[in-house]
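Geometric and topological summary
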Amino acid sequence: MTSKQAQYHAVDCLIVGAGPVGLTAAIYLARYRRQVLLVDAGQSRAELIPITHNYPGFPQGVSGAELLTRLRKQAERYNVHIRRASVKSLTKRGNDFIANIDDDYVVALTVILATGVVDKHPDIPNLREATIGGYVRWCPICDGYDVIDQDVALLASAKEGFRHALFLRTYTRQLTFFVQPGDTGLDNDERLRIAQAGIRIIEDPIAHIRKIKGHRLSLRLASGGELSFDTLYPMLGCNSRTELAKSLSVNVDSKGELLVDTNQRTSVHGLYAAGDVVNALNQMSVGVAHAATAATAIHNTLKDNYR
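First, a word on scope: everything that follows refers to the structure included in this document. Quantities reported herein were computed from a predicted structural model and do not represent experimental measurements. (Residues numbered from 1 in each chain as written. Predicted model: local features only at pLDDT ≥ 70, side-chain atom pairs only at ≥ 80, totals over all residues. Heavy atoms only, no water.)

Here we come to the overall build of the chain. When helices and strands are counted, the chain shows eight helices and 16 strands. Counting the 307 residues in the chain, one finds 49% classified as buried. Long-range contacts, defined here as pairs at least 24 residues apart, represent 59% of the contacts in the chain between residues at least 6 apart. Working note: accessible area of the chain is about 15,300 Å², and carbon and sulfur atoms make up 47% of it. Between the averaged position of the 35 positive side-chain charges in the chain and that of its 31 negative side-chain charges there is a distance of 5 Å. (Helix = DSSP H or I, 4+ residues; strand = E, 2+ residues; numbered from the N terminus. Buried < 20%, exposed > 50% of the residue type's maximum accessible area, 1.4 Å probe, protein only. Contact = heavy atoms within 4.5 Å. Areas by Shrake-Rupley, 256 points an atom, 1.4 Å probe, with all protein chains shown as cover. Lys, Arg positive; Asp, Glu negative; His and termini not counted. Charge placed at Lys NZ, Arg CZ, Asp CG, Glu CD.)

Interaxial distance between helix H5 (residues 158-168) and helix H6 (residues 188-196) falls to 11 Å at its minimum, and their mutual angle equals 20°. It follows that H5 is roughly parallel to H6 by the angle criterion. Considering the relative orientation of H5 and H6, their crossing is left-handed. Here H5 contributes Phe-162, Ala-165 and Leu-166 to the contact with H6, which in turn contributes Glu-190, Arg-193 and Ile-194. (Axes fitted to C-alpha atoms, helices over the stretch in contact; angles between N-to-C directions. Parallel < 35°, antiparallel > 145°, perpendicular 65-115°, else oblique. Left-handed = near helix turned anticlockwise from the far one by under 90°.)

With that settled, consider the pairing of strand E13 (residues 226-229). Here strand E12 (residues 216-221) pairs with E13 via four bridges, running antiparallel. Across the sheet, the residue bridging to Ser-218 is Ser-228, located in E13. Turn length for the E12-E13 hairpin, with the two strands adjacent in sequence and antiparallel, is four residues, and the turn residue Gly-224 shows positive phi of about 110°. (Pairing = 2+ DSSP bridges.)

Take the sheet that holds E12 next. The strand order E11-E12-E13 describes an open sheet built from three strands, whose pairing is antiparallel. Every interior strand has two partners, whereas the edge strands, strand E11 (206-212) and E13, have only one. Across the sheet, the axes of successive neighbouring strands diverge by a mean angle of 20°, strand direction being ignored.

Let us now look at the pattern of salt bridges. With the rule as written, the count across this model stands at 13 salt bridges. When the shortest N-O distance is used, the salt bridge between Glu-66 and Arg-70 registers 2.9 Å. Taken together, the residues Glu-66 and Arg-70, both in helix H2 (residues 64-77) and four residues apart, mark about one turn of the helix. For Arg-70, a relative accessible area of 46% translates into the label partly exposed. (Salt bridge = Lys/Arg side-chain N within 4 Å of Asp/Glu carboxyl O.)

Laid out in structure tokens, this is it:
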């Protein structure tokens, strides 16, 4: 180690990502009396949720920002240190991990990656405001119930959009499926099922998206037509934030998501992953369960290490 690295003692666990998953893992580990460092770059998708009604324990719903505030306060109660920074690199030396955190170096016995995913965005002006305003939505599992009987637009590839369209049809009869250009397209059976469900298909590319009065969006087509909707779901896929894991040659699936066992352990000893970054249902409640599982497994692994 360099002299600069030697200034930093080892922590029991470094947690990367302070969304609901990372914060929950930190709370569990702190209550297990483990030394934890929680590092966050400030890019939690949860912060953009205007209100969620399917997170347990909040009958009237809770915004993502409020949920994060509550979790941070809970973590602070157990003296969890949240450092606003980026982990530039993560390497393995023997059984330890060496993390370069904005050019400081920290040694960790274990690591939990709660880095999540990044949605692929269409070209929408003021996308953050549109998301917080609720007229651009990203997860029909989370909030499909909230668009019941609304005029909904779905923007997706033919392959992915087919199943998303049928799922959204549970909630509204007014559903338009905009098929992304350059795709293989829908086959005859898929077109028949879409038609039987009463879903309108438009394969004319979208040229421009803008907000209009009344919390609605206008979609202008390449052919010149223009349509307006209450809500747009841009289901264009997402990219897992797995850069740190890949630098350690962690096993991933065909989608690039991290493969873990029932204790959230990756293929690298001491490295755990939880939440949307792993191959599982992308829901906060699922990620929180991952966090509890990973934290408990880490504590049990380190049970003979009394710091």
